[in-house]
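# Structure assessment
The residues making up each chain are set out below.
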Amino acid sequence: MTWELLLWLLALGALLALLVQLVRLVRADGDLTLLWAEWQGRRPEWELTDMVVWVTGASSGIGEELAYQLSKLGVSLVLSARRVDELERVKRRCLENGNLKGKDILVLPLDLTNRSTHEAATKMALEEFGKIDILINNGGRSQRSLFVDTSLDVYKEIMELNYLGTVSLTKCVLPHMIERKQGKIVTVNSIMGIGSAPLATGYSASKHALQGFFNGLRTELTDYPGIVISNICPGPVQSNIVKNAFTEDITKRMDVIGDQSYKMATSRCARLILVTMANDLKEVWISDQPYLLIAYLWQYMPTWAWWLAGKVGKRRIENFKSGLDADSSYMIALKKKYK
Ligand SMILES: NC(=O)c1ccc[n+]([C@@H]2O[C@H](COP(=O)([O-])OP(=O)(O)OC[C@H]3O[C@@H](n4cnc5c(N)ncnc54)[C@H](O)[C@@H]3O)[C@@H](O)[C@H]2O)c1
């Protein structure tokens, strides 16, 4: 009788432990390799100090937050985007809150679509700091428009910016890394580079292009194990991405932005990007639910995933057509329900 009871207790304990792990998994905000690295892996505070890190799109959102978190690690920073005043603001805040001095941060204005300037910009970064350890390809813009309504100019511009601009800067920086046989090229891709969604056909295409490009490039660099290519795939993250999104016309700005509070905190996303860099992870998914689960479905059960994406997508289109923000109305309700 005692043995039987003991066995029952053990079984109950194992079941409880399993349940706890399942709940953890459902609440996870990163893929399993990434969460393992965060728990047991190398810490950014040990690994990334003394590095020279070039962040594009550093004037806003994820890039801006990366600059703040990196400045606390004692790295040297090159901050790039188009607006100098915004970059100077980010630099000032890095100096106020971080461990850096003015000489440790170079504000380097750069338009990713102006490819003829990328070589000179790379030269300036190298002249300033003598090396580039990490290039974070973060600058980019999203899209909110239906394909049937959207001008081809928009598709061209998205590819110019998100895809060709990133490839061009990588082409300028990579020879330097090859010469040193070391470096990290970290590209902020998206869950939209794994799957897709309505209203973002061009954006998703540009992110799939980046995914294919960097996965191929990684295989070309196997003679240089010290050069790491990391693809970061975030789901929705708080930033100005919706405000800055392309619409159906190249000159038209977004008029409905909506409440972005249901999205992952920018600081959490940036922290997980630092963990990725510290642990040389090759591809990571950073996302709250249900997007993370959909990403797993896309990998393992694509037909089911597309059925689900269709259901969510229908809602997005309805919202969009009725003049609401595509996601916030139902996502905020969902978030409140499962909090
Ligand atoms: N926020 C999200 O939900 C999310 C999700 C997945 C991936 N991403 C990716 O994260 C990256 C950063 O976006 P974010 O969310 O911080 O948006 P954001 O709009 O807040 O920031 C975008 C940054 O890119 C810069 N940029 C835009 N056009 C540029 C150009 N022509 N040349 C140089 N810089 C330019 C902007 O100035 C800004 O600094 C993007 O690549 C985006 O695709 C964002």
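In short, a report on the structure. Values in this document were obtained by computation on a predicted structure and should not be read as measured data. (Residues numbered from 1 in each chain as written. Predicted model: local features only at pLDDT ≥ 70, side-chain atom pairs only at ≥ 80, totals over all residues. Heavy atoms only, no water.)

## Structural notes on the nonpolar core
Val 53, Leu 70, Leu 77, Ile 136, Ile 273, Met 277 and Ile 286 are the most contacted members of the largest nonpolar core, which totals 40 residues. Among the elements that take part in this core, helix H9 (residues 266–278) stands out by supplying 7 residues, more than any other. In this structure, Leu 112, Ala 125, Val 154 and Ile 185 belong to the second largest nonpolar core, which totals 27 residues. (Core = buried A, V, L, I, M, F, W, Y, C linked by side-chain atoms within 4.5 Å. Buried < 20%, exposed > 50% of the residue type's maximum accessible area, 1.4 Å probe, protein only. Helix = DSSP H or I, 4+ residues; strand = E, 2+ residues; numbered from the N terminus.)

## Side note on the packing of helix H6 (residues 118–129) against helix H7 (residues 152–180)
Running from N to C, H6 and H7 point in directions that differ by 45°, and their axes come no closer than 9 Å. Here H6 lies oblique to H7, going by the angle between them. Note that H6 runs across H7; the crossing there is right-handed. Packed against H6, whose contacting residues are His 118, Glu 119, Thr 122 and Leu 126, the element H7 presents Gly 165, Ser 168, Leu 169, Cys 172, Val 173 and His 176 at the interface. A class-by-class count of the residues in the contact of H6 with H7 yields 4 nonpolar, 5 polar and 1 charged. (Axes fitted to C-alpha atoms, helices over the stretch in contact; angles between N-to-C directions. Parallel < 35°, antiparallel > 145°, perpendicular 65-115°, else oblique. Left-handed = near helix turned anticlockwise from the far one by under 90°. Contact = heavy atoms within 4.5 Å. Nonpolar A, V, L, I, M, F, W, Y, C, P; charged D, E, K, R; others polar.)

## Regarding the sheet that holds strand E6 (residues 227–234)
As summarised here, the arrangement of the 7 strands in space is E3-E2-E1-E4-E5-E6-E7, forming an open sheet in which the pairing is parallel. Two strands in the sheet have a free side with no partner beyond their single neighbour: strand E3 (105–107) and strand E7 (283–286). Here the strands of the sheet are splayed against their neighbours by 15° on average, with no regard to which way each runs. As paired elements, strand E5 (residues 183–188) and E6 share 6 bridges and run parallel to each other. Residue Ile 185 lies in a different strand from E6, and its bridge partner there is Ile 229. On the sheet, helix H4 (residues 61–71) packs against strand E1 (52–56), strand E2 (76–80) and strand E4 (134–137) and is oriented at approximately 165° with respect to E2. Strand contacts of helix H5 (residues 84–97): E2 and E3, with the helix running at about 170° to E3, the strand carrying the most contacts. (Pairing = 2+ DSSP bridges.)

## Focus on the site of the ligand
Residues in contact with the ligand amount to 27 residues; listed here are only the nearest, Ser 59, Ser 60, Asn 138, Tyr 203 and Ser 239. One of the backbone nitrogen or oxygen atoms of Ile 62 is found 2.8 Å away from an oxygen atom of the ligand. Across the complex, the protein chains shield 97% of the 820 Å² of accessible surface that the ligand would expose by itself. Looking at the shell around the ligand, the elements with two or more residues in it are H4 and helix H8 (201–220). Tallied by class, residues from the shell around the ligand come to 11 nonpolar, 13 polar and 3 charged. (Near = heavy atom within 4 Å. Polar contact = N/O pair within 3.5 Å; in protein donor to acceptor, adjacent residues only side chain to side chain. Areas by Shrake-Rupley, 256 points an atom, 1.4 Å probe, with all protein chains shown as cover.)

## Describing empty space enclosed by the protein
All chains considered together, the criterion is met by 2 cavities of 30 Å³ or more. Looking at the second largest cavity, its volume works out to about 40 Å³. Class assignment for the residues of the lining of the second largest cavity results in 2 nonpolar, 6 polar and 1 charged. (1 Å grid on protein atoms, 1.4 Å probe; cavity = no way out; pocket = protein on both sides within 12 Å on 5 of 7 lines; lining within 4 Å. Points joined across faces, edges and corners; volume = space filled by probe spheres on them.)

## Digging into unusual backbone geometry
Cis peptide bonds are those with omega within 30 degrees of zero, and the linkage from Gln 289 to Pro 290 qualifies with 5°. When you line up the elements, Pro 290 lands in the loop between E7 and helix H10 (291–300). Within the chain, Lys 181 stands out as a residue other than glycine whose phi angle is a positive 60°. Inspection of the secondary structure assignment puts Lys 181 in the loop between H7 and E5. The exposure class of Lys 181 is exposed, given its relative accessible area of 55%. At Leu 199, a position not held by glycine, the phi torsion is positive, near 75°.

## Regarding a positive patch on the surface
Taken together, the side chains of Arg 82, Arg 83, Lys 243 and Arg 253 make up a positively charged region of the molecular surface. For Lys 243, the position within the fold is in the loop between E6 and H9. A relative accessible area of 44% means that Lys 243 is categorised as partly exposed. (Patch = residues over 30% accessible without salt bridge, like charges linked within 9 Å, V, L, I, M, F, W, Y side chains within 5 Å. Salt bridge = Lys/Arg side-chain N within 4 Å of Asp/Glu carboxyl O. Lys, Arg positive; Asp, Glu negative; His and termini not counted. Charge placed at Lys NZ, Arg CZ, Asp CG, Glu CD.)

## A few points about a nonpolar patch on the surface
Together, Leu 15, Leu 16, Leu 18, Leu 19, Leu 22, Leu 25 and Leu 32 make up an exposed nonpolar region whose accessible area comes to about 680 Å². With respect to the helices, strands and loops of the structure, Leu 25 is situated in helix H1 (residues 2–26).

## Things to note about the pairing of E1
Within E1, 5 of the 5 residues are buried, leaving the element largely enclosed by the surrounding structure. Burial along E1 is two-sided: Val 52, Trp 54 and Thr 56 and Val 53 and Val 55, pointing in opposite directions, are all buried. Considered for its hand, the β-α-β crossover made up of E1, H4 and E2 is right-handed. (Right-handed = clockwise from strand over helix to strand, strands pointing away.)

## Considering the packing of H10 against helix H11 (residues 302–321)
Look at H10 against H11: their axes get within 6 Å of each other, and the N-to-C directions meet at 140°. When the axis of H10 is compared with that of H11, the two are oblique. Between H10 and H11, the residues in contact are Ile 294, Leu 297, Trp 298, Gln 299 and Tyr 300 and Pro 302, Ala 305, Trp 306, Leu 308 and Ala 309, respectively. For the contact of H10 with H11, the class distribution of residues is 9 nonpolar, 1 polar and no charged.

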